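# Observations on the model geometry
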Amino acid sequence: MNDLYILLETAQRYLSIRDGDETTMRPSIDLPDAFSCGYLISLHKTRTYSPALSLEGVDLVEHLKGDINDLPVKIKKYCHSYLFAADVDYNDTYNKPTVPKLRNAFICGYCAALHKIGKYDPVLALTGHLQITHIMSELLLFQKKIKDAMRAQARILVNTYGVKNKDAYRTILLGGYVDKDGKLFDTDGHRINDDGVPCDEYGNPINAGDDATPQPEADDIPTCEPFPSDILV
C-alpha cells in the first residue's frame, strides 16, 4: 500500500505543474510515464483490476498501447500523442516537450482508463482548471482513505497479536509485519526487539553501519522524491 501512496504523491506533482511554463523542457520519454501514472491511479481509484497494475516501465507502456486500441478514434488519437511520444522521430522543436504537457499526459491517461472500463466520472465532462481541480480533490480524498486504512490495519495487527514493542505501530506503517508468534519485523526482515532495535536471527542487535535498517523519525509514511523545483507551483 505504500507503493500506492507514493504513486498518489507523484500524481499530485503532475497536477501541480503550473500553466505557462513553456520554457522548461523534458525528455519525450516523460510523456508516456505521465500517461501511465494517470492510467494506474484511475484504475486504483475505481477499484478496477487490470494486468497493468502489475507492470512498470517499458512493459507497462507497451501494455497500455494495446489497451487503448479499442477506444473511440478521437480519444485514441489523443492518447497516441502522449503514449507513443518516445517512439516518434520528432524534429528538434518537439523532441523535448514543455513541462505542462506532462500534466496533460497524466490527465489523458486518467480519463483514458475511465473510457476503457466504461466508468462514468464527472471529470469526463470538465475541461481546463475545473478538470484539474476535480481530479486533485478526488486524489486527496483517495489518499486520505488510504492513509486511514493503513493506520487502521496497523492498529488491528498490534492489538490482535498483543505486540508490546513501542515502535510496532510505526514499523508496520513503514511496511513491516508481525508473524504468527507476534514478533515484529521491519521491511528488510530484521526482528525488532522491545527497544525498537533491529536484531539478527539470534536476537543480537545489528550494528549501525553493517546491516542496520534505521527507523525514520519524521513521517509515518514514506514519500517519494519530488520533481525538480522549477516545474512545481
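Residues numbered from 1 in each chain as written. Predicted model: local features only at pLDDT ≥ 70, side-chain atom pairs only at ≥ 80, totals over all residues. Heavy atoms only, no water.

### Section: the confidence of the model for the protein chain
Rules: A residue's pLDDT is simply how confident the predictor is in it, with values from 0 to 100. It only takes one pair of heavy atoms within 4.5 Å for two residues to be counted as in contact.
On average, the protein chain scores 81 in pLDDT, and the residues at 70 or more come to 84%. Considering only residues more than four positions removed or in separate chains, one finds that residues 220–233, a stretch of pLDDT under 50, has 38 contacts.

### Notes on the packing of aromatic side chains
Put simply, the rule reads: Any Phe, Tyr or Trp ring, taking Trp's six-membered ring, that has another such ring centre within 6.5 Å forms a pair; planes under 30 degrees apart are called stacked, those over 60 apart edge-to-face, and the others tilted. We call a residue buried when its accessible area falls under 20% of the maximum for its residue type, exposed when it is over 50%, and partly exposed in between, using a 1.4 Å probe and counting protein chains only. Our definition puts a charge over a ring when NZ of Lys or CZ of Arg is within 6 Å of the ring centre and also within 35 degrees of the ring normal.
Inspection of the entire model under this criterion finds 5 aromatic pairs. Ring geometry for Tyr177 against Phe185: centres 5.2 Å apart, planes inclined by 10 degrees, an arrangement best described as stacked. Residue class for Tyr177 comes out partly exposed when judged on its relative accessible area of 39%. A connected cluster of aromatic rings, assembled from ring pairs, spans Tyr14, Phe106 and Tyr110. The aromatic ring of Phe84 is capped on one face by Lys65, whose charged end is 4.8 Å from the ring centroid.

### Description of the nonpolar core
Counted only if it meets this: Think of a nonpolar core as a cluster: buried Ala, Val, Leu, Ile, Met, Phe, Trp, Tyr and Cys residues, connected wherever their side-chain atoms sit within 4.5 Å. Going along the chain from the N terminus, every DSSP run of H or I of four or more residues is numbered as a helix, and every run of E of two or more is numbered as a strand.
Leu15, Phe35, Ile41, Phe106, Ile135 and Leu139 are the most contacted members of the largest nonpolar core, which has 54 residues in total. Of all the elements in the fold, those that place two or more residues in this core are helix H1 (2–15), helix H2 (30–45), helix H3 (57–67), helix H4 (73–83), helix H5 (100–117), helix H6 (128–161) and helix H7 (168–173). Ranked by residues supplied to this core, first place goes to H5 with 10 residues. Phe35 has contacts with Leu64, Ile68, Cys79, Tyr82, Leu83, Ala105, Phe106, Cys108, Gly109 and Ala112, leaving out every residue within four places of it along the chain.

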